[in-house]
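# Understanding the architecture of this molecule
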Amino acid sequence: MNSTPTFACIDDALARYLTLMLDDVDGRGGGGRGREGREGHEGHDAALAKKLASWLLDLHVSRACAAEEEEEEDDGGAAAGELTTFLSAYAPRLDAAATKKLLTESGRLDDLAHYAEVIGAWDDVLSHRVRHGQYAKAFEAMRDANVPSDAKARSISHWSPYDRVGVVNAVP
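Residues numbered from 1 in each chain as written. Predicted model: local features only at pLDDT ≥ 70, side-chain atom pairs only at ≥ 80, totals over all residues. Heavy atoms only, no water.

## Points about the nonpolar core
Note on soluble globular proteins: their nonpolar side chains tend to be buried together. Residues Leu22, Leu57, Val61, Leu87 and Leu94 are the most contacted members of the largest nonpolar core, which totals 25 residues. For this core, the secondary structure elements donating two or more residues are helix 1 (7–26), helix 2 (42–69), helix 3 (73–90), helix 4 (96–105) and helix 5 (109–119). Take this core: its biggest share by element is 10 residues, from helix 2. Among residues more than four places away in sequence, those in contact with leucine 87 are Leu57, Leu94, Thr99, Leu103, Asp111, His114, Tyr115 and Val118. Listed in part, the nine residues of the second largest apolar core include Ala116, Ala121, Trp122 and Val130. (Core = buried A, V, L, I, M, F, W, Y, C linked by side-chain atoms within 4.5 Å. Buried < 20%, exposed > 50% of the residue type's maximum accessible area, 1.4 Å probe, protein only. Helix = DSSP H or I, 4+ residues; strand = E, 2+ residues; numbered from the N terminus. Contact = heavy atoms within 4.5 Å.)

Here's what the structure looks like:
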């Protein structure tokens, strides 16, 4: 019997450890430093939290992509659910540009739309929904009370599939 841990076990252990570290830096954890005696370390703690959150995001995205490639319905759905949960819980700790880049390059466009919704990037949410023909979801998002009215108005005029983009009124 082989007692060597699998990569999945190592990834799980690493993800748990990083989550504990991130929660500890945030002051949400049960043990460790927390906030006591940490005066003057706010900038360091914020940078450390951003690095830990980015590492965790990469693990979650890799896990979700691998599960999809293997076409494992149970693991694929679970991994995608864990990614969505992570984005909801730790969005404020993530670097927005790096997160958008990673999700886009990984083809996780629905997760990108979810992340944009969590951080309140409504133009991105509505743009994604309209580009992918998810008009019902776009209208649902526009009815959301959290969406500022200027984003709603801008989104209707700016992202309409009927916009006359590239039309030039040339004189013959």
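## Comments concerning the packing of helix 4 against helix 5
Between two packed helices, the angle of one axis relative to the other and the distance separating the axes together describe the packing. Between helix 4 and helix 5, the shortest axis-to-axis distance is 8 Å and the interhelical angle comes to 160°. With respect to their mutual orientation, helix 4 and helix 5 come out roughly antiparallel. Handedness of the crossing formed by helix 4 with helix 5: left-handed. Contact with helix 4, carried on its side by Ala96, Thr99, Lys100, Leu103 and Thr104, involves Leu109, Asp111, Leu112, Tyr115 and Ile119 of helix 5 and no other residues of that element. Across the contact of helix 4 with helix 5, the residue classes break down as six nonpolar, two polar and two charged. (Axes fitted to C-alpha atoms, helices over the stretch in contact; angles between N-to-C directions. Parallel < 35°, antiparallel > 145°, perpendicular 65-115°, else oblique. Left-handed = near helix turned anticlockwise from the far one by under 90°. Nonpolar A, V, L, I, M, F, W, Y, C, P; charged D, E, K, R; others polar.)

## Considering helix 5
Among all positions of helix 5, only Asp111, Leu112, Ala113, Tyr115 and Ala116 are buried. Positive phi shows up at glycine 120, right after helix 5, with a value of about 85°.

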